[in-house]
Amino acid sequence: DADRLDSALSQLGHDLEFPEWYGRNLDALKDCLTDFSWCEAPGYILIISRAEILHAEDPAAFHALNEVFAAAIAEWRSRDLSMWVFYDLRFDGLATLPAPE
């Protein structure tokens, strides 16, 4: 459902402190993920929490996000910089460690 993807795109923009011009769509996400000029670093690691909700409720949107992340990773790799994206997924039946207080 589009609401779930819209929410994920908005949350990514907020958490990654994207510029004002971020359009909260997949193209704008790719643009921002491949231009961290406001946050230059020798490489980038993203840890995406609670992605299991989008994965369960809208697999197509989850796949679309993965495609954008893969394209951004390839773009950075072509510039000899690393980008890694990890999902912190919780599934039934797996033990989780308590969060630090």
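Just so it is clear, the model here is predicted, and its values are computed rather than measured.

Undergrad: Could you give an account of the nonpolar core, with specific residues and numbers?
TA: Of all hydrophobic cores here, the largest spans 26 residues; its most connected members are Leu29, Leu33, Leu65, Phe69 and Met83. Of all the secondary-structure elements, those providing two or more residues to this core are helix H1 (2-15), helix H2 (26-33), strand S1 (43-49), helix H3 (51-57), helix H4 (59-78) and strand S2 (82-88). The element that contributes the greatest number of residues to this core is H4, accounting for eight residues. Ignoring sequence-local partners within four residues, the contact set of Leu33 consists of Leu16, Phe18, Leu46, Val68, Phe69, Ala72, Trp76 and Met83.

Undergrad: Help me get a handle on H1, residues and values and all.
TA: Taking 1.5 Å as the rise per residue, H1 with 14 residues should run 20 Å; its terminal C-alpha atoms sit 20 Å apart, in good agreement. For H1, the full list of buried residues reads Leu5, Ala8, Leu9, Leu12 and Gly13. On an axial view of H1, the arc spanned by its buried residues comes to 130°, and they lie on one face. For H1, exposure combined with an orientation more than 90 degrees from the buried face picks out Asp3 and His14. Immediately downstream of H1, the backbone of Glu17 shows phi near 55°, a positive value.

Conventions adopted
- Residues numbered from 1 in each chain as written.
- Predicted model: local features only at pLDDT ≥ 70, side-chain atom pairs only at ≥ 80, totals over all residues.
- Heavy atoms only, no water.
- Core = buried A, V, L, I, M, F, W, Y, C linked by side-chain atoms within 4.5 Å.
- Buried < 20%, exposed > 50% of the residue type's maximum accessible area, 1.4 Å probe, protein only.
- Helix = DSSP H or I, 4+ residues; strand = E, 2+ residues; numbered from the N terminus.
- Contact = heavy atoms within 4.5 Å.
- Expected span 1.5 Å × (residues − 1).
- Arc of directions from axis to C-beta.

No statement about biological role is implied by the geometric values presented.
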